[in-house]
Amino acid sequence: ARSMPHSDHALADATHPLIAEVRRLLKDRTHRDATGTFFVEGVRFLCRATERKVKVRFLVVSPLLTSPRGRALVQEYWQAGVPCVHVSSPTFAE
């Protein structure tokens with residue numbers, strides 16, 4: 001089983017391609033419609049997406065994540081091979 005990366009792997013660079021993609025998804029409806037992709041924020045919505053078997057392309061994980069259910073979901077997705085980008089608190093807040 002893959003071990004989830006620790007928070008010391010926080011990504012401080014806000015120009016990372018996946019972070020740039022999140023920003024574009026949040027700001028550009030045309031892009032969301034064209035790609036059929038959207039950004040889900042929060043453990044509750046990730047749980048709903050998981051229950052509905054929505055394909056998750058990648059996760060952006062904040063060091064502020066403390067929910068046991070949220071941490072378990074991140075671990076499940078990581079073990080399934082879904083990229084998990086750990087970001088610093090300032091990057092996440094942007």
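The structure this text deals with has already been given above.
Residues numbered from 1 in each chain as written. Predicted model: local features only at pLDDT ≥ 70, side-chain atom pairs only at ≥ 80, totals over all residues. Heavy atoms only, no water.

Enquirer: Run through the environment of Thr37, naming residues and quoting values.
Expert: Summarising the element assignment, Thr37 is placed in the loop between α2 (29–35) and α3 (43–51). Sequence separation between Thr37 and Val22 is 15 residues, and the spatial gap between their C-alpha atoms is 10.0 Å. If near-sequence neighbours (up to four positions away) are discounted, Thr37 is found in contact with Leu25, Arg32 and Arg57. Here Thr35 takes part through its backbone oxygen, which lies 3.2 Å from a polar atom of the side chain of Thr37. (Helix = DSSP H or I, 4+ residues; strand = E, 2+ residues; numbered from the N terminus. Contact = heavy atoms within 4.5 Å. Polar contact = N/O pair within 3.5 Å; in protein donor to acceptor, adjacent residues only side chain to side chain.)

Enquirer: Tell me what's going on with helix α4 (residues 68–79), and back it up with residues and numbers.
Expert: Taking 1.5 Å of rise per residue, 12 residues should cover 16 Å, and α4 covers 16 Å from first to last C-alpha, within 8% of that figure. Residues of α4 that are buried include every one of Gly70, Leu73, Val74, Tyr77 and Trp78, and no others. For α4, the buried positions fall inside an angular range of 135° around the axis, keeping them on one side. Near the N-terminus of α4, the side chain that reaches the backbone nitrogen of Arg69, with its oxygen 3.3 Å away, is that of Ser67. (Expected span 1.5 Å × (residues − 1). Buried < 20%, exposed > 50% of the residue type's maximum accessible area, 1.4 Å probe, protein only. Arc of directions from axis to C-beta.)

Enquirer: I'd love a proper account of unusual backbone geometry, names of residues and values included.
Expert: We note that Lys53 has phi near 60°; this positive angle belongs to a residue other than glycine. Note on placement: Lys53 falls in the loop between α3 and β1 (59–61).

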